[in-house]
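Structure assessment
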Amino acid sequence: MIKPEFRSSVARSVLVGVVISLWSCGNSTTEPAPQPTPVATSISLSASSVSLTSLGETAQLTGTVRDQTGAAMASATIAWTSSSTDIVTVSGGGVVASVANGNATITATSGSARATAAITVTQVPTAIVFSSDSIVMPGPGDTVTVGWSATDARGSETPDVSVSWASADEAVATVSAGGLLTSNASGETDVTATIDGSSITQALSVIVEEAELVEPDGGNVTLEGGTITMEFPSGALGEPVFIGAEPAVDLPSLPAPITGASFDFSPDGITFDEPVLLTIEYDPEALPEGVPEAELQLHKLIDGEWFLVEGSEVDVEGNSVSGSITGFSVYGAIRVMTVTTETLPDGTQGSEYASTTLSATGGTDARSWALASGELPSGLELATNGVLAGTPTVSGTHTFVVDVTSGGQSAQKELSLSIAATPDAISLSETELTFASIADTAQLVATVTDVNDEVIPDAAVTWTSSDPDVATVNPTGLVTSVGNGDATITVEAGSANRTASVTVSQVAASITLSSTDLTLASVGDTSTVTATVLDALGETMSGATVTGASSDTDVATVSAAGLVTSVADGTATITATSGSASATANVTVEEAFFLA
């Protein structure tokens, strides 16, 4: 049994030890070991491989940089590169984009740490695209190969794809394994292309028109239930051709065509070696109000405008128009109004435009004019009576279409109007020129702007110099220094002008001496050395200050005027100085002795 006195003593000892230990810890001078600087040691990527199935497809790669302790380095930057940018590109943010089929490696780098991702680009076809929305065949026995391509999800053509073909109605048209269509009878059907090994399919509408075959030896053709007749002379065609026609669509709304009297003939664009007589019948009841049959003619549609077929005739009794044609296009029985104004007078920006009245033929006397498309120069207006007037505020060439209506008929015409710019301000490439030599040059460039601060290209300007004895300027703004002094170059365009100051102050660049080696035969002998000061371009500087100095005044001296005087036998160097330029002459004094 432990006595209480002993336990108390032990407790006191432990308490003292703890206090001493705590005191020691609180007064320790030992510092904690410093942490190592983080160094990029590894990179982990969001994906080690990516597959792209269409061109232009993108994928985002991200990377986590870790230091030597495995901790993520949030502020570390990653550089991204592609092993083949012809196949795959990568942005600075790790966005991968496909360019072509193939394989490439994307490398992420941060310091000495690297990581890679394998990228595979293999286009997968997702659609079939035909070269046209439909195919129109002129008649039975015709053939045509269907143009098509397979595309990926982003619309890029996919190579090395094969398809199978089928026709919904082989009585109308058949299709070969290679996509060759053969028309068998007039009518409509669909041909279908299916990508082999897939369910991707696309149908194409095929129309076989009702047409008549005309041989090279000629013949007559009747189409549209007798509304159209054509007489082909022998030699008009060089080979058998299917001739067809259908009611024309998408005709210009103005002038209004006669219903049922305009047709689109096929083959489109064919030309004849001999003229073909075309006759089109019309329904008198379909004529617009106020249009007499006697004014109808056969017309050809070219680029959206009706043009009279030369020599055409109208048969009022037979309700038909006819004329000789030399090729196929859209033809119809039309009475066309014509805008006869060919050109418009030019105008000037900021000046009142010369009032001009537009003119037309056809229709009735009551005509109404309007702008159909495009824009008039700002400040000009076209009145309903055809008067064009106002004050243009902008320059340039303006193209627009005018429309005239009368009695239900209309005509349109494209016109152009040029407005010359009015110069308002001029800026110069330089406003201060300094020349250190005569015959030096500097090119000034003037930029002319109008009241709208728009640059006037090729604006006509004139250049002048206030003092041609100091500087001249040619018609293109080339300034040439002529003499020392100050001058002002002025450029003008209309009432606008701008100036540039010119200072010509020659700077000595070199000195030539009249003699560079002098020999004086006796003490007190003299010789004058003339110094000519030249600028950087070799032009003489009249009145330039020249100072002279002798390397040994005990042998020879030189005056300010260049007079060299011998003092004693020996050699010396005379130096002429002007500004930073200098030149030297060698002087030899050799006193002669004569024997008695």
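Small disclaimer: the values here were computed from a predicted structure and weren't measured.

What follows covers the sheet that holds strand β12 (residues 143-145). The three strands lie next to each other as β12-β16-β15, forming an open sheet whose pairing is antiparallel. Strands at the two margins of the open sheet, each flanked by one partner only, are β12 and β15 (173-175). For this sheet the average axis-to-axis angle between neighbouring strands, irrespective of direction, equals 20°. Two strands pair when backbone bridges link them, and β15 and strand β16 (residues 180-183) are joined in this way by three bridges, in the antiparallel orientation. Looking across to β16, one finds that Thr 174 is bridged to Thr 182.

A full pass over the atoms with the stated rule returns six aromatic pairs. Each ring, one from Phe 130 and one from Trp 165, has its centre 6.3 Å from the other, and the planes form 40°; the classification is tilted. Placement of the pair is Phe 130 in strand β10 (residues 127-130) and Trp 165 in strand β14 (residues 163-167), with a sequence separation of 35 residues. For Trp 165, a relative accessible area of 14% corresponds to the buried category. Among the aromatic residues, ring-to-ring pairing joins Phe 232, Phe 265, Phe 272, Phe 328 and Tyr 331 into one connected group.

Take the confidence of the model for the protein next. Scored by pLDDT, the protein has a mean of 89; 92% of the residues are at 70 or more. The least confident element of the protein is helix α1 (residues 4-26), whose mean pLDDT is 38; the most confident is strand β6 (residues 88-90), at 98. Contacts from residues 1-28, a stretch scored under 50 in pLDDT, to residues over four places away or in other chains number one contact.

Right, let's talk about the pairing of strand β5 (residues 79-82) for a bit. Only one face of β5 is covered, namely the face carrying Trp 80 and Ser 82; the face carrying Ala 79 and Thr 81 is uncovered. Sheet analysis places β5 next to strand β8 (residues 102-110), joined by four bridges and oriented antiparallel. Bridge pairing links Thr 81 to Thr 107 in β8.

Here the focus is the pattern of salt bridges. A side chain of one charge can pair with a side chain of the opposite charge if their charged atoms are brought near each other. Evaluation of the coordinates by the stated rule reveals one salt bridge. For Lys 413, the salt bridge identified is with Glu 342, shortest N-O distance 3.0 Å. A residue pair is termed long-range when its members are at least 10 positions apart, and Lys 413 in strand β38 (residues 409-420) and Glu 342 in the loop between β30 (338-339) and β31 (347-348) qualify at 71 residues.

Further remarks concern the environment of Val 555. Following the sequence through the fold, Val 555 ends up in the loop between β52 (547-550) and β53 (556-558). Sequence separation between Val 555 and Val 587 is 32 residues; the distance between their C-alpha atoms is 8.6 Å. Residue contacts for Val 555: discarding those within four places in its chain leaves Thr 565, Ser 566, Val 567, Ala 568, Asp 569, Gly 570, Thr 571, Ala 572 and Val 589.

Quick notes on the rules
- Residues numbered from 1 in each chain as written.
- Predicted model: local features only at pLDDT ≥ 70, side-chain atom pairs only at ≥ 80, totals over all residues.
- Heavy atoms only, no water.
- Pairing = 2+ DSSP bridges.
- Helix = DSSP H or I, 4+ residues; strand = E, 2+ residues; numbered from the N terminus.
- Axes fitted to C-alpha atoms, helices over the stretch in contact; angles between N-to-C directions.
- Phe/Tyr/Trp six-rings, centres within 6.5 Å; stacked < 30°, edge-to-face > 60°.
- Buried < 20%, exposed > 50% of the residue type's maximum accessible area, 1.4 Å probe, protein only.
- pLDDT = per-residue confidence, 0-100.
- Contact = heavy atoms within 4.5 Å.
- Salt bridge = Lys/Arg side-chain N within 4 Å of Asp/Glu carboxyl O.

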